[in-house]
Structures are given as C-alpha cells and as structure tokens.
Amino acid sequence: MKTPKLLALSCAVAAACAMNARAGEGPTVYGNIDVGITHATGTPGGSLTELTAGSDFPDQIGFRGAEALGGGNSVIYDLATGFCGTGDFTNGTAATSLPSNGYCTGGGFMQRTSLLGVKGHFGKVIAGRFLMPVYTNAVSIDPFRNGTTASITSLNRAVSAFNYLRESQLVEYATPTVDGFSAQLVYGFGAVAGSVQAGSLSNLSVHYQHGPLYLGAAYLYNDHRTATALESGKIPVGSTASTHVTQLFGHYDLHVAVLSAMVQTYTSGFPGSGFTPVKASTASLDNRFWMVGAAVPAGRGQFNLSYSHTDNKEVASSNASMIGVGYQYSLSRSTMLYGGLSHISNGSAAAYGVHDATNTFAGSYGQSANGLDLGLRHSF
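Every value quoted in this text rests on a predicted model; they were computed, and no experiment measured them.

1. Describing the overall build of the protein
- Scanning the protein from terminus to terminus reveals two helices and 17 strands.
- By the burial criterion, 45% of the 380 residues in the protein qualify as buried.
- Taking as baseline every contact in the protein between residues at least 6 positions apart, the subset at least 24 positions apart corresponds to 59%.
- Per element, the accessible surface of the protein, about 17,700 Å² overall, is 63% carbon and sulfur.

So this is what it looks like as structure tokens:
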C-alpha cells in the first residue's frame with residue numbers, strides 16, 4: 001500500500017508528465033528511404049544505367065517538434081539531413097550521377113532543413129535553411145511532385161537543385177488562411193560585407209483555395225553575385241546582376257483527375273548558360289517555361305502525365321520540350337512502388353538531360369534525352 005507521501009509524489013510526477021506532453025509535440029523522428037534503378041540516355045559518352053537513391057523523393061532523416069507557449073502560440077523546429085540509400089557514390093569501377101558532397105541532397109549535414117520559429121493565430125515565422133516558395137509551388141503543380149525522371153524540374157532549372165531550391169540565411173512569414181487566401185514572404189540575407197542589399201533575395205508567394213480550385217502567383221528577386229567566373233572568365237567572380245522569377249500556376253480537381261498548369265519567366269543580366277544548359281553566349285537570360293499536366297487516381301495507385309516546354313529567348317535554338325508519364329502504387333500508407341518515363345527533345349543549342357528528385361544526368365547539345373526509373377519508397 002502506498003503511503004500518503006508516496007501517493008502525492010506519484011500524482012505530482014504524473015501531472016508533470018501530462019503537462020509536459022501537452023506543452024510539447026516531439027521530437028518526432030521522420031524520414032524517407034528510396035532506392036530504384038534508373039536508365040538515362042542522351043548523356044555524354046552514351047546511356048547510363050545505375051542503382052539510384054531518392055529518385056522519387058530524396059533520402060533523408062530528421063527531427064521536428066513544437067513546444068506550447070500559451071495563448072495558442074508555440075515554438076517549432078525542424079532539422080533534417082540527407083543520406084544515400086544506395087550507400088557509396090560508386091561501385092568501385094564507375095562514377096555515377098550522384099553528387100559528391102557525401103549526403104546525396106541538402107549540401108551537407110543537417111542542411112536539407114534547419115529551422116526554428118514561432119506559430120500561432122498570427123501565422124508562422126521561421127528562420128534558417130529551408131525550401132523556397134518558388135520551388136514548393138512547382139512541386140504542388142507537378143503531377144510527379146518533383147519525383148522520377150518524368151519530373152518537370154528536368155526543364156525547370158529555376159526551381160531545381162541548380163538554382164532556387166533551398167537557401168540558407170532565410171526568414172519567412174506565412175500568413176494564416178483567410179477566406180481561402182494565404183501568402184508567404186521570404187527574405188534571404190546576402191551576408192556580403194559592406195552591403196545589406198548585396199546577395200540578398202526576396203520571394204513573395206500568394207495562394208487561393210476554394211473547393212476544387214487552387215490558384216497561385218509568385219515573384220522572386222535576387223541581387224545575384226557570381227561565386228565562380230562565367231563565360232571562360234569574361235564575367236569574373238563577384239559580378240552582380242538582378243535575377244527575377246515570376247510564376248502563375250493552379251490546378252483543378254475534377255475527382256476523376258486533377259488538371260494542373262504553370263507559366264514561369266526566369267530572367268537575369270547574366271548569360272543563360274550560367275543557369276540553364278544552353279550554349280555559351282554573352283546574351284542575358286530570358287527563359288520562358290510552361291507546363292500542363294494531369295494526375296488520375298486509379299484504385300490504390302495513380303497515373304501521372306505532363307508536357308512542358310522551355311526556351312531562352314536570347315539564344316537561338318535553345319528550346320526544349322519534355323513529355324513525362326508515370327505510375328505509383330501504394331503498398332501501404334507508408335510504402336510505394338513507382339515508375340517514370342520521360343522524353344526530352346533538345347534544340348541544337350540546348351543540352352537538357354533528365355533530372356529526378358536527387359540525381360542529375362547531363363544532356364548533349366541537340367540530342368534527345370530519355371529517362372526510365374523503377375523504384376520502391378518507404379516513409380517513416
């Protein structure tokens with residue numbers, strides 16, 4: 001039989017545990033492991049077949065949680081790092097498409113996401129390193145959600161691993177949703193000595209959701225500073241030019257299919273070859289991108305289809321078009337089989353290659369490129 005003192009102590013401990021459970025949500029461990037086989041053609045040196053990591057969604061492991069502050073407000077945090085589900089980057093005899101930074105995606109340890117913030121009735125404020133709105137907008141519209149070699153990021157280099165995917169030194173304010181409207185405003189510090197403006201970026205994204213209809217628009221401005229010399233040294237390190245991305249996008253749910261579309265412009269005072277795989281030119285970048293797509297539910301699976309086109313108006317024959325088809329099948333709530341097939345037609349001055357959620361396969365000028373991948377993905 002418990003003594004009154006021991007009983008009181010037990011009650012106090014139980015109450016403290018209950019209060020702590022209510023005050024905090026986490027940390028929760030989450031992640032993804034994705035392994036598949038990819039075949040790509042049109043690459044310099046011939047076709048390439050390999051075991052790839054993160055074709056449909058990047059391999060990662062992370063921790064997220066929250067602590068209640070009272071009044072409906074809470075502190076939130078999220079830390080995630082990439083890893084390679086296939087292990088090393090080579091089989092000991094041949095180089096693969098995987099990056100050489102040791103983490104497959106993100107750029108380094110805990111660099112896929114690293115943020116701390118506060119949320120409440122006012123919305124959400126976060127700071128750190130995370131995905132840009134122009135990228136998450138494209139993912140929300142792409143029927144493949146940036147997965148497999150059929151992903152629209154093969155042509156949409158403005159919002160892929162090449163450019164505005166994720167950034168460091170970011171602060172974001174996200175509004176609450178009011179009558180279907182919401183917005184995100186991101187500011188990125190340039191961290192350049194002697195100037196607040198130098199190297200900085202701003203990204204505004206506005207969204208509207210009403211029933212089956214979703215619409216959005218976004219604008220990004222970057223005071224771009226070159227980290228490497230361009231055009232064989234003609235443009236030295238540290239050169240400056242303004243870079244702009246504008247987006248209009250939306251989708252409509254017909255229940256039997258979700259139809260989606262996006263129009264995007266990507267301009268810069270720097271040459272297009274510094275941002276997209278087009279032949280060297282001193283002409284500035286004036287890239288136009290558009291896509292139409294559909295996602296069709298089929299039992300426990302889904303068929304995806306998209307057609308996209310890109311063109312730098314300042315460089316002749318720099319156009320490229322891509323058609324992508326794919327299928328995904330849910331084995332369970334957390335495990336999925338997937339497949340993607342894509343074909344890219346390049347103009348004579350374009351060298352776009354297939355690009356999935358993690359891996360990049362270089363293209364060849366004027367040659368078609370094809371991608372095929374089959375894989376298994378498990379989330380936890």
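2. A few points about the environment of Arg166
- Mapped onto the fold, Arg166 is located in strand S7 (residues 166-174).
- Apart from the residues lying within four places of it in its own chain, the contact partners of Arg166 are Gly106, Gln111, Arg112, Arg129, Phe130, Leu131 and Met132.
- One polar contact links the side chain of Arg166 to the main-chain carbonyl oxygen of Arg112, over a distance of 2.9 Å.

3. Quick notes on the pairing of strand S8 (residues 181-188)
- Inspection of the sheet shows S7 paired to S8 by five bridges, in the antiparallel sense. By the bridge assignment for S8, Ala174 is matched with Gln184.
- Counted along the chain from S7 to the antiparallel partner S8, the turn is six residues long, and its residue Asp179 has a positive phi close to 50°.
- Where S8 meets strand S9 (residues 201-210), eight bridges bridge the pair, whose relative direction is antiparallel.

4. Description of a nonpolar patch on the surface
- Residues Leu248, Val263, Trp290, Val292, Leu305, Tyr307, Ile323, Val325, Leu341, Leu372 and Leu374 make up a contiguous nonpolar surface patch of roughly 970 Å² in combined accessible area.
- The set of elements that each furnish at least two residues to the nonpolar patch consists of strand S13 (284-298), strand S14 (301-312), strand S15 (320-330) and strand S17 (369-379).
- Within the fold, Leu374 resides in strand S17.

5. Details of the pairing of strand S12 (residues 258-271)
- In the sheet, strand S11 (residues 240-253) pairs with S12 via 11 bridges, with the strands oriented antiparallel. Bridge pairing links His251 to Ser260 in S12.
- What sits between S11 and S12 in their antiparallel hairpin is a turn of four residues, with His255 showing a positive phi close to 75°.
- Relative to S13, S12 runs antiparallel, the two sharing 12 bridges.

6. Description of the pattern of salt bridges
- Counted under the stated rule, the structure contains five salt bridges.
- Here Asp56 and Arg377 are joined by a salt bridge, their closest N and O atoms 3.0 Å apart. Here Asp56, found in the loop between strand S2 (48-53) and strand S3 (60-70), pairs with Arg377, found in strand S17; they are 321 residues apart in sequence, far enough to count as distant.
- One salt bridge connects Asp223 with Arg225, and the closest N-O pair in it is separated by 3.5 Å.
- Asp223 gets classed as buried once you look at its relative accessible area, which sits at 8%.

7. Observations concerning the side chain of Thr149
- Relative to the elements of secondary structure, Thr149 occurs in the loop between helix H2 (133-141) and S7.
- On the basis of relative accessibility, which here comes to 0%, the residue Thr149 falls in the buried class.
- Among all residues touching Thr149, those that are not within four sequence positions of it are Thr38, Ser154, Met322, Gly340, Ser342, Val354, His355, Asp356, Gly371, Leu372 and Asp373.

8. Quick look at the side chain of Thr52
- Within the secondary structure layout, Thr52 lies in strand S2.
- Here Thr52 falls in the buried class, since its relative accessible area comes to 0%.
- Within the structure, Thr52 has its side chain in polar contact with the side chain of Thr38 (distance 3.0 Å).
- With near-sequence residues (within four places) excluded, Thr52 lies in contact with Asp34, Val35, Gly36, Ile37, Thr38, Thr86, Asn359 and Phe361.

9. What to know about the nonpolar core
- The biggest cluster of nonpolar side chains holds 43 residues, and the ones touching the most others in it are Val134, Leu155, Tyr164, Val245, Met262, Tyr266 and Ile344.
- Counting only elements with at least two residues in this core, the list comes to strand S6 (123-131), H2, strand S10 (213-225), S11, S12, S13 and S15.
- Ranked by the residues each element gives to this core, the list is headed by H2, at five residues.
- Setting aside its immediate chain neighbours within four residues, Tyr266 contacts Arg157, Ala158, Asn163, Tyr164, Thr243, His244, Val245, Phe275, Leu285, Asp286 and Asn287.

Reading the values: rules and limits
Residues numbered from 1 in each chain as written. Predicted model: local features only at pLDDT ≥ 70, side-chain atom pairs only at ≥ 80, totals over all residues. Heavy atoms only, no water. Helix = DSSP H or I, 4+ residues; strand = E, 2+ residues; numbered from the N terminus. Buried < 20%, exposed > 50% of the residue type's maximum accessible area, 1.4 Å probe, protein only. Contact = heavy atoms within 4.5 Å. Areas by Shrake-Rupley, 256 points an atom, 1.4 Å probe, with all protein chains shown as cover. Polar contact = N/O pair within 3.5 Å; in protein donor to acceptor, adjacent residues only side chain to side chain. Pairing = 2+ DSSP bridges. Patch = residues over 30% accessible without salt bridge, like charges linked within 9 Å, V, L, I, M, F, W, Y side chains within 5 Å. Salt bridge = Lys/Arg side-chain N within 4 Å of Asp/Glu carboxyl O. Core = buried A, V, L, I, M, F, W, Y, C linked by side-chain atoms within 4.5 Å.

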